[in-house]
Structures are given as C-alpha cells and as structure tokens.
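Structural overview for review
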Amino acid sequence: MKRYLFPGALVVLALVYPLLVAGSPVWERLGALVLLGAIGASAWNIVGGYAGQVSVGHSVFFGFGAYSAVVVYTHLGWPPIAGAPLGMVLSVLLAAIIGVPTLRLAGHYFSMATIAVAELVRVLSSTSEFLGGAQGLGGPAMPRTVFDLSFISATPFYYIFLAVLAFLLGLTWWIERGRMGFYLRAIKDSERAARSLGVSSGRYKLYAYMLSGAFTSLAGSLYLCMFGFVDPESGFGILISVKMVVMAALGGAGVLFGPLVGALILVPLEELSNSYLGGRGAGLTFVVYGAIIVIIARFLPSGLLSLFERRPARPPAAKNQPASGHAD
Amino acid sequence: MSITLVQVIVSGLLLGAVYALFSSGLTLIWGMMNVVNFAHGDFVMLGMYAAVMIWTALGGGPFAAVPVAAMLIATLGIVSYFLLVRHIMRGPMLAQILGTFGLALFLRYSAFWYFGADFKTLPDTIVGGSFVLGGVRFEGSRVLAGGMGLAITLALHLILTRTAIGSRMLAVSEDATAAQLMGIRPQRMQALAWAMAGAATGIAGALIANFFYTSPTVGETLAIIAFVTVSFGGFGSVLGALVAGLIIGVVESLSAYLIGPVYKDVVVYILFVLVLWFRPQGLMGKA
Amino acid sequence: MTKATRRGFSAGAALTVLGLGKAASAQPAPVKIGVIYPLSGNSASAGNYSKMAIEVGADVINNGNAELAKIIPLAKGGGLPGLGGAKIQLIFADNQGTPAAGQNQALRLISEEKVAALIGAYQSGITLTASAIAERHGLPFLTAESVAANLTERGFKWFFRTTPVAIDFARAYSTFLKEQKAAGQKVGAIALVHENTEYGNSVASVIADQFGKDGLPITQKIAYSANSSDVQPQVLQLKEKNPDVVIFISYTSDAILYAKTMKELNWKPSIMIADNAGFNDPAFLKAMGSTVEGLVNRSAYSGGKPGSVPAIFNELYKAKAGVELDDVSVRGLQGFLVLADAINRAGSTDPAKIQAALRATNLPAEQMAAGYDGVKFDDKGQNVLASSVVTQLQGGKYVTIFPKARATANVILPYKGW
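What you are looking at is a predicted structure, and each value in this text was computed from that prediction instead of being measured. (Residues numbered from 1 in each chain as written. Chains lettered and ligands numbered in written order. Predicted model: local features only at pLDDT ≥ 70, side-chain atom pairs only at ≥ 80, totals over all residues.)

**A short note on the pairing of strand β1 (residues 130-133) of chain B**
Where β1 of chain B lies against strand β2 (residues 136-139) of chain B, 4 bridges are found, and the strand directions are antiparallel. Looking at β2 of chain B, one finds that F131 of chain B is bridged to F138 of chain B. (Pairing = 2+ DSSP bridges. Helix = DSSP H or I, 4+ residues; strand = E, 2+ residues; numbered from the N terminus.)

Next comes the structure, spelled out in structure tokens:
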C-alpha cells in the first residue's frame, strides 16, 4: 500500500493543481512549464537513464518536433499540432541514422558525438530558407480555430501536457517491467556482460534511442504550440539538451519519477529566481540557480529520489571507472 | 599555392595550437578521472579575466598575467576538486554533468555580476604587433599563444609519461584501489591533476585574452571547441589534443576560406563524427 | 498602499472634486511600465545599457529637468500631469536571451505586476513571443529596437514599433554611397559581410535587394556564424578580392575580432561601413575605437547641438552609464518617451485608452531624443517617421555626416583605420 502513496498523492495533486492556483496566470503557466520540462526529461530518461547512454544532443529531436509543427503551419497552413506526428516519425528515422554510428561509442564519446550532431543540425538549420533560416519561424499570430491551441490561459496546455506525460510515464513503466527494461538495465550495468548473456545490446539501445527521440520531438511540438516561435538556438541549442539531462539527473536518472521531480524543482527555481532577481540585470538568477544545482550534485550525486531508496545511494566506486581511454 | 592560402593555413595552425592549449587541461582531467568538466570553458574565461584585471589594475602584460592566471585557476581547480568533484565522482556519470554544469553557471554569472556584461579587450600593443615572413603575416599575440600552446601541451605530455609523479598519476587513473595499495594516495594525485589542468587552462586564458574578446559568456563558445578537440584526439591523450587541435584549426580556416565561414563548423563536426566512426576512441585514445 | 498615502490620496481626490486643490499635493499610485530586456546571456551588454537609458528617461519625467522642459512638456517633473502627477515606476524583467523566458516574463509583468504597458524586448524573436501574450491580454506592447519585418505584419492591434527597420537603413546607405560616387569615390565593388543570425541575415538581404535596385554592385557576400573564434579567413577573402566598400553587419564580439584582424592582416577598404549593432557597442568603441577611425555607421543617435534634446539626454546618460548614448540606448529611450507621452495623454492606465493615445501619437522632430523625423504610427503600428542618419567615427567619436540637414561634420574619406 505504502508504495502507492507517493504516486497517488502526486496524481491527485497534479489533477487539481490548476484549480488551486486559478486566477494566477503565472502559477497556471508554471504548472504547464513544469510538465513540459518533465515530458522532455522523461523522454530523455528512456535512453539516458534506463539504457545509460548519456545523450547531450537531444535538442536535435526537440528541434525537429518544434520545426515540424511550425513548418506545417508555415508551408501548408495546418494547425501546428498536426506537425507533431510528422516530427515523431522524422525523429525516429533520425534516431536510427544518428544512433547506428554513435551508439557504438562508449561513455563520454557518445555524449560528445551527440553534441556534435546537434550542433551540426543547428548550424545547418540556420542556413535553410525552408526553416526560416536564422530568423526562425512563428506559428499562427492569432488563433484561427481551436486546433491552433492558442489559449490565453495556460490551463488547457496544462491538461494536454499532463495527459502526454501520463501516457509517457505509463509507457516507460510498462517497458521498465518488461523484457526490454531488463535488457536496458543489463546494458547499463555492463554492456559486455549483457552481450555475453545474449542480449542484442545494439538493437535495444537503438530502440530506446528511437523511442526517446520520438517523445522528445513531441515535447518540441508542444513547446511550439505554447510559445509560437522557434529559431535555431531555441530549437537545437545545446542548453535545451543540457536542461533535459540536468532535470533527469537532479531527480534521479533511470527512475520513473526522477525527471518529473527534477522538473518540479528546476523549472520553478528558474522561473522564480528570474522573476525576483532577473530584473536587476546582475546575473544573480544564474548564480543562485547554479549554486543550488552544485549543492544537490554535491550531496545527492544520484539524484533527489535516491533519498527514498532503500538501496545504498552510492554505487560502488568501481562503476565509475573509465570505460575506455586512459591518460597516455 | 597562393600566398593567401599559405596565410590561411598558417593562421589555422596557430589557431589550432591555441585550441590544443585550452583543451589540454580538459583532456587531462578526462583521462585521469573520466570526468567531463562542463565548466571548463568558464575556467578559461576566468583566466582571461585574470589577464584583463592585471592589465587594467597594474598595467602588467602576459609575463605577469600568465603566472597569476596559472596560480588562480590551479587554486580554483583544487578547490573545485575537494568541494565538489571528489564527491560527485562517487555518483553515476550523470552527476558530473549535473555538478559541473551547475558550477559553470555559477562561475559564469559570478563573473557577470562582478565584471558586468561588457566585452573587454586588451590593447593589442601589449604583445607587439605582427611581422612578415616570406610574405606571410604572423601576429605576435597569436604566435606567443600558439608557441606556448605547443610548449605546454608537450610539457604536460612529458610530465605524464616521463616522470615519477606522472606514472603515479597514471597508476591512479588505471586503478585507484591498486594504486592505493602501492602507497599512492589517489586523492592527492587527483587534486594534483586538477591543479595542473587548472594551471594549463589559466595560462590558456591569459594568452587568449591578448587577441580575443573577454566576456562572461565567452566560455560557452570555447567549451564546445574544447569538447570536440578532446574527443577527436582521444580522451586523456594530451598529444592527441595537440594533433586534433591543429587539424581542427587548419580545417576550420581552410573551409571558412574555401567554402564559406558559415560552413566551417559543419565541416569540423562532420569530420569529427567520421573520425569517431572509424576510430571510436579518437585519434590517439586507447581502445 | 500605506495608510498615510491612502489618506493623502483621498484628500487630494476630494480637493480635486471640489476644484480647489492642485493635484501636486496628492500622490496617486505610480504608473507601472514593464520593461523586458536581455539582462543576462549574450546580448546582456546591450540590454543593460538600454535599461540605464530608460531609467534616465523615467527620472526626467518623475523629477524633471529644467533644460529639457523647454522642449519636452513631460520633462517638467512631477510625473505624468495627465494622471494627476502619477510617477512612473519601471519594472524590469530579464528575457535571458530566450523566446520562452521573454514570454513568461511578459505574462508575469501583465498579470502579477499589473503594468499599464510593455516595452522590449531587443531580439526580434523574443519580441515576437512576448508581444503575442500582450496582444491576447489586450495590453499595449511597444518595441523600440526589434527590426524584423514580420513583427508588424501579424495584424496585431496592440503592437507598436518606433524604430526604423532594415529597409530604412538600406536606403540610407544607398543614398549615401550614390552621393559619394558622385563626389568621385570608387564604389564599383561592394562586399557584404554579415553574421548568420536573424539580425545579420535579414538586414543583409534587404540591403542586397535595395542595392540591386539602385545599381550598386554587390560583388562579394560573406555569411559567417556569430561568436566566431576566428575571422582571419573572412578577412583574407576580402583582402584577396579587395573591394572598394565593405559593409559589416556584426555583433560586438565579431566586430572586435574584425577590427583586430583587419589591422593584423593590414587590409582596409576605401569605405568601410558598419551596420550599427556591434560596431556601435560602447564596449567596442572603448576597446577598438582607435583602430577604426573613419568608420561609417548608421545610427538613430545623431548627437546634435548643445541644448538640443539628444545632447541634454546624452549628458544625463553619460553621468549614469559612463558612456555616450548610442544607437541602441537612444532607441530604447525614445520608445519609452513615446509610451510615457501616450499614457499621459490617455490620462489613465486603461489599456484601451493608452492604445488609442498611441495611435494618435504625433511627436515633432525637435522633441526627439533619437534622430527620427518624429513619431507617428500607421495602422500596422509602425512609426512612419522613423529614420536613421549616417555617422562617421572621427577622433574616437561618432559624428553625423548624412543627411546634410542633420550633419554636424564633413565626411572624410578614404577610411583611415589605425
């Protein structure tokens, strides 16, 4: 019974949150922003957390999603959300193209290769007329139909994001308990051991990467529907990728609710510190934001949720040894 | 070959030596501890501010700035190691990204708060102008930075491979527990690595400040170059970083000149991904 | 509101009702204006200078300036007379250089701070997202510096823009160059070097179009990524083709590198034009001013004779910021003054009344802090009297050289450099 208490309370709170803050557009929006951040970080979590393949270039999928949404509006006049399935399909294909060469790489090499690919796409997108070049593209300025998802209040977005997040977490939970989850954990612990047990590690890493890419892309499409604009930096910028990683790592990577917990802390922290400190123009927002991340990393290196785990929070030191590459 | 092309290649080589210089600290830490320091660019940035401060407050040139920046950033490295890195190494690899990214933001915006958002540059009179050799123009500040870059990366390489302290550091990086059994204190060696990396990074910053602009966010621009250089060369290989830096510098210069400046990063990233495809451990990394 | 001021307010209101007292004895609630700028991130330098310029403007309206009061009615001090002497309170927000933060902060200023109007947001992409929120909430949004053409093409009813846009710059350069050609300068080969983000791309394509129409040959076009670590290849390309005229469209960091590299590689064109932005940044001038003597620029800041509006504002600004007013800061200041004027004429913080007052804005050239011909908005919200002057760096300071009517110095060519 006890183990359902935390998720249960969370579900109830999530469902009634907009009612609790009704009348305060900023808090309504904050709820939606937390969920949007959680969708991106949870999507990343599938490959970065469960499979242990730390991608720092997930903005490539986020950007594909955001651009797909805005492109169907700009070039076809469709509502942006109609671009979401397109973005997901393209992202799965892209994940296959990127994943095949890069997933062979070990540890940090994979991370760096994903950064390089994302930067490559960012630079290319800024030279593409079709994508609006460096100027970026804007969604519908004024809502035409309800399908443009252009709401004054953030509450409709909140429930849309909540539904998507619930689906994504449900899917992750299902995977986690199934055979694929077992394989992914095995790969994360020791790829060599997993392979020797007959796990086709390359194939399962790729599946995780494609699934993760598809949902990251969906997060990008939803972002575009809410904010109505994307340019190369806000779509493919490295900060987008790093934020997903940081959110997941802060809450607990490879844990179902880890990214959500990370988003629950980081997004309000970012918004509130900017609201209260940003206007002075002294950069204090990020001093505080950075310091808090450092402190959490220092005292809870496995993420906040490691506090609630019965297992020892600190894995044995051997786990942290280099996978490859030594000083010469 | 036209003289302009020679000039392009020369400037690419000088640029590459500078890339190698500010990447060598990163590769050292990476190889020693398998830690990626996402705050590396901001360490360089602080080294640059050290040079700017020494010039504006005391009127000192690079000969004063280099040792001061080296000491400052080495201290910063040691402090970061003991207060943060030592602890996050016990967590998963992700904790490093979390911790050092937080550190990056903290340092970047502390500098922002203290120095302001303005771009600062050092007068180009400090390191005397430029000279022409065989029709090719060399700038003093870049030659100094490039030359020091070569010297320091080679020195780091020799320290790691030819000295007792170097072999102790390597022993720790191979197997900390075994090294401990042999009477080496891993933490001391790792702190030393952070100090050495910090010193090299500080020197890089102090030299780059002579021909580059200094601003709180400059580290972001430099960090990605450093990441690519280091993984291109192979983690932990100082020599690899040097070779990779030179290759990247020349490729950037040539592609900017021949294809167009917008595409120079595209060419470098494609080359990088290709290198990893054929040599997943980088040019000089051990498989 | 504290007890004391509430009492003061009601007493004042009572006197006003009786037609006896002067509103000066009362202190009505301040009028809040939300200001969104990049106060952190890569454009923070520009954002912070604009912030100071707007603070100077608010100070003049709240506390008065005797000299300015002779020209600008609002500069008498004592706040906005149309609202019973209400002071202006600026609420600043940091857009962090991201469209998302810009929109989030716009919403906060509207719903939490209850600002009467918004001004911002520097980067065009952020102005786009932030003004969309203002439009949906029915609140005036004025941009003083975002130049992207599509901003005024969205059919928005609450959006106003005081700044000239790219086509105005392009025409200014074109006319200037044709005049120089007539005076015997060579303009047979023109190179366009631009950074590859929204600003550089849009301005470059507009200039290319305009020059094409005007028969000015663009022989070389170099796009590069902003925040480059090295610009030698670009300068070498220029050196090889050796054009007569180079037009740079660059941010500060790149401007610094170009100025340094051109000196290092010892190459200069006979006319060097910089499209504002980086080359106008006080930080650039401080660092590189002595190596780009004779640089031609465009600016909304035209200096002006002592005693003129720009000159007085420049003194006030210099005392605060430590640098001279420049194109970006003066445009921000001008935008703020227009907004304050409209709120004053609206006589209320009711958004619809401010919107109507903005539509009716008609400010003459002599009241301008910026070098505009005045301020008057068309149906799309664009200031039709916006214009920019061509300036030249002479003796470390930008002086106006074109058009003739505004010129404070003669043009000196060829470009001297270092």
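Additional details are given in the paragraphs that follow.
**Some words on the domain arrangement of chain C**
Residue and element names in this part refer to chain C. The domain boundaries assigned to chain C delineate domain 1 (3-164 + 305-387) and domain 2 (167-299 + 390-402). Inter-centroid distance (C-alpha atoms) of domain 1 to domain 2 is 32 Å. The partner domain 2 presents 11 residues to the 15 residues of domain 1 that form the contact. Elements with a contribution of two residues or more to the side of domain 1 that touches domain 2: α2 (44-63), α5 (124-137) and α12 (327-346). Take the side of domain 1 that touches domain 2: its biggest share by element is 3 residues, from α2. (Domains from an automatic or database assignment. Contact = placed C-beta atoms within 7 Å.)

**Thoughts on the interface of chain A and chain B**
Listed as interface residues are 48 residues of chain A and, on the opposing side, 56 residues of chain B. Of all the elements in the fold, those that place two or more residues in the side of chain A that touches chain B are α5 (107-125), α11 (238-251) and α13 (284-299) of chain A. No other element matches α5 of chain A, which puts 12 residues into the side of chain A that touches chain B. For the side of chain A that touches chain B, a count of residues per class yields 32 nonpolar, 11 polar and 5 charged. (Nonpolar A, V, L, I, M, F, W, Y, C, P; charged D, E, K, R; others polar.)

**Comments concerning the sheet that holds strand β10 (residues 296-299) of chain C**
Residues and elements named next belong to chain C. Strand order in the open sheet made by the 7 strands is β7-β6-β8-β9-β10-β13-β14, with mixed pairing throughout. Each end of this open sheet is capped by a strand with a single partner; those strands are β7 (218-224) and β14 (397-402). Mean inter-strand twist for the sheet, computed between neighbouring axes without regard to direction, equals 25°. Relative to strand β8 (residues 245-249), strand β6 (residues 190-195) is paired through 5 bridges, and the arrangement is parallel. Pairing of I190 across the sheet is with V245, part of β8. Contacts between helix α7 (residues 198-213) and the sheet are confined to β6, β7 and β8, with β6 contributing the most and set at about 160° to the helix. (Axes fitted to C-alpha atoms, helices over the stretch in contact; angles between N-to-C directions.)

**What about the pairing of strand β13 (residues 389-394) of chain C?**
All names here are of chain C. Most of β13 sits inside the fold, with 5 of its 6 residues counted as buried. Summarising the sheet, β10 and β13 pair through 4 bridges and their orientation is antiparallel. The residue bridging V296 from the neighbouring strand is Q392, located in β13. The pairing of β13 with β14 spans 5 bridges and is classified as antiparallel. Its bridge partner being in β14, Q392 is matched across the sheet by V399. Hairpin connection from β13 to β14: 2 residues lie between these consecutive antiparallel strands, with G395 at a positive phi of about 60°. (Buried ≥ 20, exposed ≤ 12 C-beta atoms within 10 Å, placed from the backbone.)

**Notes on the nonpolar core**
Core analysis: the largest hydrophobic core is formed by 366 residues, its most contacted members being I39, F161 and V245 of chain A, I208 of chain B together with A117 of chain C. By residue number, the principal contributor to this core is helix α9 (residues 201-227) of chain A, which donates 17 residues. (Core = buried A, V, L, I, M, F, W, Y, C linked by C-beta atoms within 7 Å.)

**Side note on the UniProt feature "domain: Leucine-binding protein" (unreviewed entry) in chain C**
Sequence positions flagged by UniProt for "domain: Leucine-binding protein" (unreviewed entry) are, in local numbering, residues 30-394 of chain C. As annotated, residues 30-394 of chain C comprises 43% helix and 16% strand, and the C-alpha atoms at either end are separated by 43 Å. (UniProt positions renumbered as here; feature names shortened; annotations may be inferred.)

**What about the interface of chain C and chain B?**
If you look at the interface, chain C gives 31 residues, while chain B gives 30 residues. Sorting the residues of the side of chain C that touches chain B by element identifies α2, β7, α8 (232-241), α9 (252-264) and α10 (282-288) of chain C as the ones contributing at least two each. Across the side of chain C that touches chain B, the residue classes break down as 11 nonpolar, 16 polar and 4 charged.

**Some points on the sheet that holds strand β2 (residues 88-94) of chain C**
Residues and elements named next belong to chain C. The sheet built from 5 strands is open, its strands ordered β2-β1-β3-β4-β5 with parallel pairing. Edge positions in the open sheet fall to β2 and β5 (159-161), since each of these has one partner strand only. On average, adjacent strands in this sheet sit at an angle of 25° to one another, irrespective of strand direction. Sheet topology note: the strand β4 (residues 141-143)/β5 ladder contains 3 bridges and is parallel. Paired with T143 across the bridge in β5 is R161. Of the strands in this sheet, β1 (31-37) and β2 are in contact with α2, which crosses β2 at around 170°. Across the sheet, α12 lies against β1, β2, β3 (117-120) and β4, angled at about 170° from β3, the strand it touches most.

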